[in-house]
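Structure at a glance
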Amino acid sequence: MPGLVPPSLLPVLAAASVVDRITFGIGATIVILGAIGVVISRNPVHAALMLVMTLFGVAVLFVEQGANFLAAVQVIVYAGAIVVLFLFVIMFLGVDRQENLAEEPLPLQRPLAITLVVLGLAGLLVLAIGSHWSTGAPSVAGPAQAQHGGDVAALGRSVFTTYLFPFEITAALLVIAVVGAVVLARRPRDGDKVEAETDGGGPGAPSAADGSVESTESVARAVAGTVSAAHGRADADAVETGEVTP
Amino acid sequence: MSIAGHWYLALGAVLFSIGAVGLLVRRNVLVMFMCIELMLNAANLTFVTFARMLDDIGGQALVFFVLVVAAAEVVVGLGLVVAIFRRRRGTTADDLHMLKG
């Protein structure tokens, strides 16, 4: 890391206190190790736990920069909700097995991806370190620390005055996301005969041409649809649970 | 006096690049989602850094909205993964060639 910093920055860095430097070093190490762990771990569960590590490191860096409220939200929302959702889906689908990372269908993909990203990273680092970011007048949002209450008061005032309309829009966004997730994850019931028919016929036809597992699956699905149409809810549930069990 | 913002910007760039490599290289859709989270976190770190460097609460407010959008994105994305898994029995990107001509 020290090689990345031009000599003109070293006095600025030396002005930082020892505690700040140690905190930044530990936080940055946690973040980088966790991120590398997400990418190279073969088990999705381990990747999710490494993601938690990165998120905690980012929260530490938020605190270090005076964004206390965002650090709390980061831990609660990311580590407490999003990663738990990831783990829930991994366990629910039963995909928590090792995968073979050496197997690579497209031989050119990894070198090409790494080359492109390294080029992008070089550009970003030149911009981040070499440029002067003092732009013109500050925006209308206000200073980062309020007179009383620190960053929490400043952020609250900003969100509920300047950014009130975007804040209201996020409510609509969350409702849309919840409804969309329910619609996507829902299983067709006997009440929706039309959906059961398209389920068996529409996507089943191309996958039946594939042969093997998909065709039997679509047949089972069509059977489930027919049975549910003929015999009602109890039979359909029995067929569906029998089909879903791997 | 805390650390100069350039260090945070460089760290954000490195974190974003690691996430981008993971997104391009991995084939498990769940891990690809986690890499997207890494990239979003790198952007958040950059926003907070600029909020401190320019003494402007707008950066922190934007992080707040990014968090909301990330939560919505994960919910819908994982719903899609569950729906696809129910039909195709796999969560790798190679299983999702239904739209291929």
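Residues numbered from 1 in each chain as written. Chains lettered and ligands numbered in written order. Predicted model: local features only at pLDDT ≥ 70, side-chain atom pairs only at ≥ 80, totals over all residues.

1. As for the overall build of chain A
Stated formally: Helix and strand labels come from DSSP, where a helix needs a run of H or I of at least four residues and a strand needs a run of E of at least two; each type is numbered from the N terminus. With C-beta atoms placed from the backbone, a residue is buried if 20 or more other C-beta atoms are within 10 Å of its own, exposed if 12 or fewer are, and partly exposed between those counts. Each residue gets a C-beta atom placed from its backbone, and two residues are in contact if those atoms lie within 7 Å.
A count of helical and extended segments in chain A gives 11 helices and 0 strands. Sequence-ordered secondary structure for chain A, helices as α and strands as β, is α-α-α-α-α-α-α-α-α-α-α. Among the 246 residues that make up chain A, the fraction classed as buried is 24%. Pairs at least 24 apart in sequence give 44% of the contacts found in chain A among residues at least 6 apart.

2. What about the overall build of chain B?
What counts, and what does not: C-alpha atoms define the radius of gyration in this analysis, and the globule rule sets the expected value at 2.2 Å times the number of residues to the power 0.38.
Helices and strands together make up the secondary structure of chain B, namely 3 helices and 0 strands. For chain B, the α and β elements follow one another from N to C terminus as α-α-α. For a compact globule of 101 residues, the expected C-alpha radius of gyration is about 13 Å, and chain B comes in at 17 Å, more than 25% above that figure. C-alpha extents for chain B along the principal axes are approximately 55 × 25 × 20 Å. Taken across its 101 residues, chain B has 59% of its residues classed as buried.

3. Topic: the confidence of the model for chain A
All names here are of chain A. Stated precisely, the cut-off is as follows: A score between 0 and 100, pLDDT records how confident the predictor is in each residue.
Counting all residues, the mean pLDDT for chain A is 74, and 66% of those residues have values of 70 or more. Averaged pLDDT values for the elements of chain A fall to 39 in helix α9 (residues 204-210) and rise to 94 in helix α3 (residues 44-64). For the stretch residues 194-220, pLDDT sits under 50, and the model shows 24 contacts to residues farther than four places along the chain or on other chains. Note on residues 223-246: pLDDT is under 50 here. Beyond four places in sequence and across chains, it has 24 contacts.

4. A few points about the interface of chain A and chain B
Inclusion rule: Throughout this entry, Asp, Glu, Lys and Arg are counted as charged residues, while Ala, Val, Leu, Ile, Met, Phe, Trp, Tyr, Cys and Pro are counted as nonpolar. The remaining residues, Gly among them, count as polar.
Facing the 76 residues of chain A at the interface are 65 residues of chain B. Of all the elements in the fold, those that place two or more residues in the side of chain A that touches chain B are α1 (10-15), α2 (18-40), α3, α4 (68-93), α5 (109-130), α6 (150-160) and α7 (164-185) of chain A. Of the residues belonging to the side of chain A that touches chain B, the class tally is 60 nonpolar, 10 polar and 6 charged.

5. Notes on the packing of α5(A) against helix α1 (residues 5-25) of chain B
Heads up, the condition is: Where helices are involved, their axes are fitted lines through C-alpha atoms of the stretch in contact, as for all axes, and angles between N-to-C directions lie from 0 to 180°. Orientation categories follow fixed angle ranges, with anything under 35 degrees roughly parallel, anything over 145 roughly antiparallel, 65 to 115 roughly perpendicular, and all other angles oblique. Working rule for handedness: look at the near helix, and if it is turned counterclockwise from the far one by less than a right angle, call the crossing left-handed; if clockwise, right-handed.
Where α5(A) contacts α1(B), the axes come no closer than 9 Å and their chain directions differ by 165°. For the element pair α5(A) / α1(B), the angle class is roughly antiparallel. For the crossing formed where α5(A) meets α1(B), the hand is right-handed. Residues R110(A), A113(A), I114(A), V117(A), G120(A), L121(A), L124(A), L125(A), A128(A) and I129(A) of α5(A) form the contact with α1(B), whose own contacting residues are H6(B), L9(B), A10(B), A13(B), V14(B), S17(B), A20(B), V21(B), L24(B) and V25(B). Considering only residue class, the contact of α5(A) with α1(B) consists of 16 nonpolar, 3 polar and 1 charged.

6. Here's the deal with helix α2 (residues 29-53) of chain B
Each α-helix winds once per 3.6 residues, and so residues spaced three or four apart point in a common direction. Definition in use: Between the first and last residue of a helix there are one fewer steps than residues, each counted as 1.5 Å, and that sum is the expected span.
An ideal rise of 1.5 Å per residue puts 36 Å on 25 residues; α2(B) measures up with 36 Å between its terminal C-alpha atoms. In terms of residue burial, α2(B) counts as a mostly covered element, since 21 of its 25 residues are buried.

7. A few points about unusual backbone geometry
All names here are of chain B. Its identity as a non-glycine residue notwithstanding, D55 has a phi of 50°, on the positive side. For D55, the location among the structural elements is in the loop between α2 and α3 (58-88). Given 13 C-beta atoms within a 10 Å radius, D55 is considered partly exposed.

8. A word on α2(A)
The first and last C-alpha atoms of α2(A) sit 33 Å apart over 23 residues, in line with the 33 Å expected at 1.5 Å per residue. Of all the positions in α2(A), only F24(A), G27(A), A28(A), V31(A), G34(A), A35(A), V38(A) and V39(A) are classed as buried. Turning to α2(A), the residues buried within the fold contact α3 of chain A together with α1 and α2 of chain B.

9. A few points about the nonpolar core
Applicable threshold: To define a nonpolar core, we join buried Ala, Val, Leu, Ile, Met, Phe, Trp, Tyr and Cys residues through C-beta atoms within 7 Å and take the resulting set.
Residues V38(A), L11(B), L15(B), L30(B) and M34(B) are the most contacted members of the largest nonpolar core, which totals 73 residues. The element that contributes the greatest number of residues to this core is α2(B), accounting for 14 residues. If we ignore the near neighbours within four places in the chain, the residues touching L11(B) are A28(A), V31(A) and L45(B).

10. Quick notes on the confidence of the model for chain B
Looking at chain B as a whole, its pLDDT mean stands at 86, while 92% of the residues score no less than 70. Confidence, read as mean pLDDT per element, is least for α3(B) in chain B (88) and greatest for α2(B) (92).

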